[in-house]
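Chain by chain, the residues run as shown.
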Amino acid sequence: MTFGATYQRSSQLTGQSFLDAFNFEAISDPTHGRVTYVNESTAKADGLVSVANNKLTLRADYTTKLSSSDSGRKSFRIESTSQYKTHVAIFDIAHMPQGCGTWPAICEVGADWPNEGEVDIVEGVNDQTPNKCSLHTGSNCTMPSSGSMTGTVDGTDCYAYDNGNAGCGVKINDNKSYGPQFNDNGGGWYAIERRSTYIKIFFWERTSSSVPSDVKSPGSSINTSNWGTPAAYFPNTHCDFSTHFGAHNIIINLTFCGDWAGSSSVYADSGCPSTCNTYVNDNPSAFKNAYFEFNSLNIYQ
């Protein structure tokens, strides 16, 4: 396993500067969710985006009851204006969206999907722990069934058109990594380190005693070799990163139902009531806690 490296900070984003580094994508949901992604002016007018105390909050509508003919619950999908190859990104997250039917994600993705790759840093559905990190790629990319990581491998075939786009995943070995348990614990830090030979994802609980000092108090440089064993480790041993991963934008979004959260078996297994679309339509107040709150995003290259 390759050890870490030293990087210099290229972006220090909090509150308004975080928002300014992203564009709203008012597009149809690629995962076919019960959602309407809005533009920035609508998000501001409807209170779906706010900046206070140097924190950025992004949320879904939680006041409107929907009819089956409405287009979907209003929510956000934002994309970074910058693209990244070799880099480290540290997300200090105070709160993530929760609720039956929710499907939040923080990912990095190339313009030519899936050929330029996708890395899901935070992703889950219907409040089901733990968090799952995964890669989605073009053909001929696989991951080993075990490796130097604290998480558990859940799928080794990264090709997006195999296995219903499950990708090659790792489940983080910590139920406080996702959903209500993450929020009740004050959130935490997620970090991605992407290099030409590996991708690592790290997670630290807010209350952990082992958070590296350069994660807890990000400065002008970091040294990832002090960060310990990652939660998820994706090496290039059976995947040519140079042909499977291009320049990536960071995307942060919240959808509802759709291909994963709304799958009838997945939704039923989560113990959520009714059917996914009906629940999302009829229960706006259930989504009062369906929001991300970010303390900061620091990017190093």
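Everything that follows concerns the structure shown earlier in this document.
Scoring rules and cut-offs
Residues numbered from 1 in each chain as written. Predicted model: local features only at pLDDT ≥ 70, side-chain atom pairs only at ≥ 80, totals over all residues. Heavy atoms only, no water. Helix = DSSP H or I, 4+ residues; strand = E, 2+ residues; numbered from the N terminus. Rg over C-alpha atoms; globule rule 2.2 N^0.38 Å. Buried < 20%, exposed > 50% of the residue type's maximum accessible area, 1.4 Å probe, protein only. Contact = heavy atoms within 4.5 Å. Areas by Shrake-Rupley, 256 points an atom, 1.4 Å probe, with all protein chains shown as cover. Lys, Arg positive; Asp, Glu negative; His and termini not counted. Charge placed at Lys NZ, Arg CZ, Asp CG, Glu CD. Salt bridge = Lys/Arg side-chain N within 4 Å of Asp/Glu carboxyl O. 1 Å grid on protein atoms, 1.4 Å probe; cavity = no way out; pocket = protein on both sides within 12 Å on 5 of 7 lines; lining within 4 Å. Points joined across faces, edges and corners; volume = space filled by probe spheres on them. Nonpolar A, V, L, I, M, F, W, Y, C, P; charged D, E, K, R; others polar.

Student: Which parts of the structure should I look at to understand the overall build of the chain?
Tutor: Helix and strand content of the chain: 8 helices and 19 strands. At 18 Å, the chain has a C-alpha radius of gyration in line with the 19 Å of a compact globule built from 301 residues. Projected onto its principal axes, the C-alpha positions of the chain cover 50 × 45 × 35 Å. Burial status across the chain gives 55% buried among its 301 residues. Residue pairs in contact within the chain that sit at least 24 positions apart in sequence constitute 73% of those at least 6 positions apart. About 12,000 Å² of surface is accessible on the chain, with carbon and sulfur atoms providing 42% of the total. The average position of the 19 basic charges and that of the 29 acidic charges among the side chains of the chain differ by 6 Å.

Student: I'm lost on the pattern of salt bridges in this one. Help?
Tutor: Opposite charge on two side chains permits them to pair, given that their charged atoms come into close proximity. The full count for this structure, using the stated rule, is 8 salt bridges. Ionic pairing is found between glutamate 293 and lysine 55, a salt bridge with its closest N-O pair at 4.0 Å. One end of the pair, glutamate 293, is in strand E19 (residues 291–300); the other, lysine 55, is in strand E5 (residues 55–59), with 238 residues separating them in the sequence. Accessibility expressed as a relative area gives 21% for glutamate 293, which makes it partly exposed. Overall, lysine 55 belongs to the partly exposed group, its relative accessible area being 30%. When salt bridges with common partners are traced through the structure, they connect Lys132, Asp154 and Lys171 into a single cluster.

Student: Looking at this model, I keep getting lost on the layout of surface pockets. Mind explaining?
Tutor: It is the rolling of a water-molecule-sized probe over the atoms that shows where space remains empty. Volume-wise, the largest pocket comes out at about 820 Å³. Around the largest pocket sit 29 residues that line it, and Thr31, Trp103, Glu118, Glu123 and Asn165 are the ones nearest its centre. Among the elements of the structure, strand E7 (77–80), strand E9 (102–110), strand E10 (118–123), strand E11 (132–136), strand E18 (248–256) and helix H6 (258–261) are those that each provide at least two residues to the lining of the largest pocket. Considering every element that reaches the lining of the largest pocket, the biggest residue donor is E9, with 5 residues. Each residue belonging to the lining of the largest pocket can be placed in one class, and the counts come to 11 nonpolar, 10 polar and 8 charged. Its boundaries defined by the atoms lining it, the second largest pocket holds a volume of some 210 Å³. Forming the walls of the second largest pocket are 14 residues, and the residues nearest its centre are Thr150, Phe203, Trp204, Thr229 and Ala231. Taken together, the residues of the lining of the second largest pocket break down into 7 nonpolar, 5 polar and 2 charged.

Nothing here speaks to function; it is geometry throughout.
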